[in-house]
Amino acid sequence: MLSNVLMWNKIGRVVTRVSEQRGISASQALDLFYTSPLCSELHDPATGLYLMGDEYLAQAL
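Residues numbered from 1 in each chain as written. Predicted model: local features only at pLDDT ≥ 70, side-chain atom pairs only at ≥ 80, totals over all residues. Heavy atoms only, no water.

**What about the side chain of D54?**
As a reminder of what qualifies: Comment: elements are numbered from the N terminus, with helices defined as DSSP H or I runs of at least four residues and strands as E runs of at least two. Pairing of N or O atoms within 3.5 Å defines a polar contact, subject to two protein rules: one partner must be a possible hydrogen donor and the other a possible acceptor, and residues neighboring in sequence count only if both atoms are side-chain atoms. Should any heavy atoms of two residues lie within 4.5 Å, those residues are considered in contact.
Relative to the assigned elements, D54 resides in helix 4 (residues 54-60). Of note is the side chain of D54, whose polar atom sits 2.8 Å from the side chain of K10. Leaving out residues up to four positions away in the same chain, D54 has contacts with K10, R13, V14 and R17.

This is the structure in structure tokens:
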């Protein structure tokens, strides 16, 4: 499991990718992330999603 700081950094990178891919603001991308099932799955160590690449996670959103 990632430490809180590393998880926050990962979320920031994923949200930035989503923002760029979809042409939306960072605020909109952050809202999209935190209201998606991916958010809770990423925080669940059993899924192992925290090991996946930022691009993969952004596309999964």
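From this point, the narrative continues.
**Quick notes on the packing of aromatic side chains**
Each aromatic ring pair is specified by the distance between its two centres and by the angle formed by the two planes. Formally: Pairing of aromatic side chains requires ring centres within 6.5 Å, counting the rings of Phe and Tyr and the six-membered ring of Trp. Pairs whose planes differ by under 30 degrees are stacked, by over 60 edge-to-face, and all others tilted. Each residue's exposure class comes from its accessible area (1.4 Å probe, protein chains only) as a fraction of the maximum for that residue type: buried when under 20%, exposed when over 50%, partly exposed otherwise.
Across all of its chains, the model carries one aromatic pair by this definition. When the centroid spacing of 5.2 Å and the interplanar angle of 75° are considered together, the rings of F33 and Y34 count as edge-to-face. Judged by relative accessible area, which is 1%, F33 ranks as buried.

**A short note on the packing of helix 1 (residues 4-22) against helix 2 (residues 26-34)**
Packed helix pairs are characterised by how far apart their axes lie and by the angle those axes make with each other. The criterion, for reference: As a rule, the C-alpha atoms of each element are fitted with a line to give its axis, helices using only the stretch in contact, and angles between N-to-C directions run from 0 to 180 degrees. Note on convention: the crossing is left-handed when the near helix lies turned anticlockwise from the far helix by less than a right angle, right-handed when the turn is clockwise. The residue classification treats Ala, Val, Leu, Ile, Met, Phe, Trp, Tyr, Cys and Pro as nonpolar and Asp, Glu, Lys and Arg as charged. All others, Gly included, are polar.
Between helix 1 and helix 2, the least distance of the axes is 8 Å, while the angle of their chain directions is 115°. Relative to helix 2, helix 1 is oriented so that their crossing is right-handed. Here I11, V15, V18, S19 and R22 of helix 1 lie close against helix 2, whose contacting residues are A26, A29, L30, L32, F33 and Y34. Its residues assigned to classes, the contact of helix 1 with helix 2 comprises nine nonpolar, one polar and one charged.

**Quick word on the side chain of S19**
Its place among the elements puts S19 in helix 1. For S19, a relative accessible area of 13% gives the class buried.

**Here's the deal with the confidence of the model for the chain**
Close inspection of predicted coordinates is inappropriate in any region flagged by low pLDDT. We count it as follows: In predicted models, pLDDT denotes the confidence assigned by the predictor to each residue on a 0 to 100 scale.
In the predicted model, the chain carries a mean pLDDT of 94, and 98% of its residues have values of at least 70. Confidence, read as mean pLDDT per element, is least for helix 3 (residues 37-43) in the chain (94) and greatest for helix 2 (96).

**Some points on the pattern of salt bridges**
To keep things clear, this is the line we draw: Salt bridge, as applied in this entry: a Lys or Arg side-chain nitrogen positioned within 4 Å of an Asp or Glu carboxyl oxygen.
Evaluation of the coordinates by the stated rule reveals three salt bridges. Of the charged contacts, one joins K10 and D54 as a salt bridge, the two residues approaching to 2.8 Å between their closest N and O atoms. Taken together, the residues span a long stretch of sequence, with K10 in helix 1 and D54 in helix 4 at a distance of 44 residues. Here K10 and D54 have matching classes, each one buried. Across the pair E55 and R17 runs a salt bridge, and its minimum N-O distance is 3.3 Å.

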